[in-house]
Amino acid sequence: MSAETKLTRWVGLEINILGIAAVLLLLGTASVGKVNAADTMVLIDPTPDFRTEWLERSTGSKALYEIAFVDGVRAIRADASPGAASGLYRDVDLDLAAHPWIEWLWRVDEIQRSADIRSSKFDDFAAALFFIFRPQASIEKTTALAYVWTNATLPRGTFVSSPRSPETIRFVVVEAGEANLGKWITSLRNVRDDYHVAFGKEAPNFLDSIALWTDADQTMERALAYYGAAVARLMR
C-alpha cells in the first residue's frame, strides 16, 4: 500500500477525530521495566531533512514545523498561531508484539489554557503523538491512540474518547498543566497495554503510521511545542 493510500485512509480517520474538512488524521503512570537499549526502532529522528520522511496536512492555516535546537536538544518545533491546525505524518511498520514500549522526548512552552479535549469546541492539542494501528482484518475500522500534552483540565493518566470519533479514537493525557512547561520531558508508555485499557480489547499486532499534531483552531490560543527523538523498545 502506497504512502498516499495510507495517508488517504488516515485522513478519513482524522476528519472524524478532529472534525476538519480537508486534512489528516493504565490509568495512571505506566510502569517502567528494564530496557535493552540495543533493541530499538527509531520512530522520530529530528534531522534537518526530516521533511523527506514526513508529509504535512492542514485544515487551512498551517502550524510552522521546523528543526530547532533548544537547550542543546535537536527537535521538530511546532508553532501553532491562533487558527492554525496541521500535522506531520509518516508511515511506520512496527511489530508491537516485539516492540510494545514507546519512549519519546518532548517539550511544551506555550499551552492553550481554555482547551478541553473532551469537547469538539475546544479540542486543541499543545502536543500530541498519534499512533494509528493496522486493522487485523479488512472489515475492521482503523483505530488510533493519541498521547497528549494538555492543560490541567484533566489529570495525568486520564483516558478520553474522542468527542468526534468515540468508537475509534482514544486520547491519553500524559502531561497536564503548566508545571513542566519549558522543560524537556521523557515519556515511556506500553502501547499495547494502553490500547487494551482504552478500547477494552487486545491491540492490533502492527502500528501502521504515526503523526505529530499541534493546533490552535478551536481555542484560538497559540501553542508552542517541540518533538524530540522517539524510539520503540523491546522490554525484558
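Thresholds applied
- Residues numbered from 1 in each chain as written.
- Predicted model: local features only at pLDDT ≥ 70, side-chain atom pairs only at ≥ 80, totals over all residues.
- Heavy atoms only, no water.
- Helix = DSSP H or I, 4+ residues; strand = E, 2+ residues; numbered from the N terminus.
- Buried < 20%, exposed > 50% of the residue type's maximum accessible area, 1.4 Å probe, protein only.
- Areas by Shrake-Rupley, 256 points an atom, 1.4 Å probe, with all protein chains shown as cover.
- Polar contact = N/O pair within 3.5 Å; in protein donor to acceptor, adjacent residues only side chain to side chain.
- Core = buried A, V, L, I, M, F, W, Y, C linked by side-chain atoms within 4.5 Å.
- Contact = heavy atoms within 4.5 Å.
- Arc of directions from axis to C-beta.
- pLDDT = per-residue confidence, 0-100.
- Pairing = 2+ DSSP bridges.
- Axes fitted to C-alpha atoms, helices over the stretch in contact; angles between N-to-C directions.
- Salt bridge = Lys/Arg side-chain N within 4 Å of Asp/Glu carboxyl O.

Peer 1: How would you summarise the overall build of the protein chain if you had to cite specific residues and measurements?
Peer 2: Scanning the protein chain for helices and strands turns up two helices and 13 strands. Here the protein chain holds 236 residues, and the buried ones make up 55% of them. Total accessible area computed for the protein chain in this model is approximately 9,700 Å², and 51% of it derives from carbon and sulfur atoms.

Peer 1: Break down the side chain of Thr 143 for me, with residues and values.
Peer 2: Tracing the backbone shows Thr 143 in strand β8 (residues 143-150). Here Tyr 195 takes part through its side chain, which lies 2.9 Å from a polar atom of the side chain of Thr 143.

Peer 1: Describe the nonpolar core, and please don't skip the residues or the numbers.
Peer 2: In terms of nonpolar packing, the biggest core is built from 45 residues, with Leu 43 and Phe 131 touching the most fellow members. The biggest single contributor to this core is strand β13 (residues 223-235), with five residues. Contact partners of Leu 43, with chain neighbours within four places excluded, come to Trp 54, Arg 90, Val 92, Leu 94, Ile 102, Phe 131, Ile 210, Ala 230, Val 231 and Ala 232. In terms of nonpolar packing, the next biggest core, distinct from the first, is built from 17 residues, Phe 125, Ala 128, Ile 132 and Leu 154 among them.

Peer 1: How would you sum up helix α2 (residues 191-199)? Please name residues and give values.
Peer 2: Among the residues making up α2, those that are buried are Val 191, Asp 194, Tyr 195, Ala 198 and Phe 199. On an axial view of α2, the arc spanned by its buried residues comes to 110°, and they lie on one face. Here the buried face of α2 lies against β6 (101-110), β7 (127-133), β8, β9 (159-161), β10 (169-176) and β11 (185-190). Where α2 begins, the side chain of Asn 190 points an oxygen toward the backbone nitrogen of Arg 192, at a separation of 3.1 Å.

Peer 1: Which residues make up the environment of Val 92, and what are the values?
Peer 2: Assignment of secondary structure puts Val 92 in strand β5 (residues 85-95). For the pair Val 92 and Val 42, spaced 50 residues apart in the sequence, the C-alpha separation amounts to 9.6 Å. Not counting residues up to four positions away in its chain, the partners in contact with Val 92 are Leu 43, Arg 134, Leu 207, Asp 208, Ser 209 and Ile 210.

Peer 1: Which residues make up the confidence of the model for the protein chain, and what values go with them?
Peer 2: Per-chain confidence: the protein chain averages 85 in pLDDT, with 83% of residues scoring 70 or above. Within the model, the stretch residues 1-38 combines pLDDT values under 50 with 98 contacts to residues more than four positions away or in other chains.

Peer 1: Give me the sheet that holds β8: which residues, what numbers.
Peer 2: Pairing within the open sheet is mixed, and its seven strands lie in the order β2-β5-β12-β7-β8-β10-β9. Of all the strands in the sheet, just β2 (55-58) and β9 have a single pairing partner and so form its edges. On average, each strand axis in the sheet is inclined to that of its neighbour by 25°, with strand direction left out of account. The strands touched by α2 within the sheet are β7, β8, β9 and β10, with β8 carrying the most contacts at an inclination of about 100°.

Peer 1: Before we move on, can you summarise the pattern of salt bridges with the specific residues and values?
Peer 2: Under the counting rule described, the total for this entry stands at 17 salt bridges. Measuring nitrogen to oxygen at the nearest pair gives 2.9 Å for the salt bridge that ties Asp 93 to Arg 134. Of the two residues, Asp 93 sits in strand β5 while Arg 134 sits in the loop between β7 and β8, which places them 41 residues apart along the sequence. Given a relative accessible area of 48%, Asp 93 falls into the partly exposed group. On the basis of relative accessible area, Arg 134 is assigned to the partly exposed category, the value being 26%.

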